[in-house]
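# Geometric and topological summary
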Amino acid sequence: MTSELNLIPVVDLLKGQVVRAVRGDRKAYRPIVSALCASSDPVTVARILCEHCAARQLYVADLDALQGGAVQTGVLADLLQALPGIELWLDAGLADASAGQALREQLAPYAPRIVLVFGSESLRSREALARCFEAIAGDGAGAALSLDRRDGQRLDAAGCWDAVELWPKRLIVMTLERVGSGAGPDLETLQEVRRLAPGAMVIGAGGIRSEDDLARASAAGADAWLVASALHDLQLPRVRR
């Protein structure tokens, strides 16, 4: 690997199957067709991706929940049980701290290994932003904030992007039109977030096509990157640790 960047594989769940993200357009997502995984079964795909990346974290986007449906707790429990050494980062469209706490209680046996992702597109208010990180593990250690944007526009009814003083220690820079696009990573936005939060763990998302992209992302200040399509298309080699 030409970069020290940590890879966090992504599983997008829709109706119990893994689907392929296409520029963040969730209506266009279809069951995954992968050169790496001959299956759309969540446990099978997750295990192969984590092994390929030598990953210690797995990012799961519950698209049912993100589109207003029920959280796929059964599938999530299966993933947590099947991958005991993995920390699961979960985006399930959480609007506030109470929603996060309720989800944590539903997955109680696995709670210590869950990092709840609160997305700026989902948080309902500035007050919700302030409360969700102070409510989890005191300093927000069990949570992350995803700063979401699409086509140059912030998805941010709660004003998360401008509330730098409320940001937790883990930040995801989610440029949705780059997800599944092969268009290259959004390093300009990542550099801006890094400048505003020099002490945070900053994770990029979307657009990775090659090891060279990973090296450039690392040089831009990323600590990790969320990856899926580049793995399924065999654009990134197996990581050896």
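Structural notes, computed from the coordinates. Every value quoted in this text rests on a predicted model; they were computed, and no experiment measured them. (Residues numbered from 1 in each chain as written. Predicted model: local features only at pLDDT ≥ 70, side-chain atom pairs only at ≥ 80, totals over all residues. Heavy atoms only, no water.)

Let us now look at the pairing of strand β9 (residues 170-175). Burial analysis of β9 places 6 of its 6 residues in the buried class, the great majority of the element. Both faces of β9 are covered, namely the face carrying R170, I172 and M174 and the face carrying L171, V173 and T175. For strand β7 (residues 143-150) and β9, the ladder comprises 5 bridges, and the chain directions are parallel. The residue bridging L147 from the neighbouring strand is V173, located in β9. Of the pairings in the sheet, the one linking β9 to strand β10 (residues 201-205) comprises 5 bridges and is parallel in character. By the bridge assignment for β10, V173 is matched with G204. (Buried < 20%, exposed > 50% of the residue type's maximum accessible area, 1.4 Å probe, protein only. Helix = DSSP H or I, 4+ residues; strand = E, 2+ residues; numbered from the N terminus. Pairing = 2+ DSSP bridges.)

The phi dihedral of A54 falls on the positive side, at around 50 degrees, and the residue is not glycine. Its location among the elements puts A54 in the loop between α1 (42-53) and β4 (57-62). Positive phi is not limited to glycine here, since L234 has a value of about 60 degrees.

Shape is all these values report; function is a separate question.
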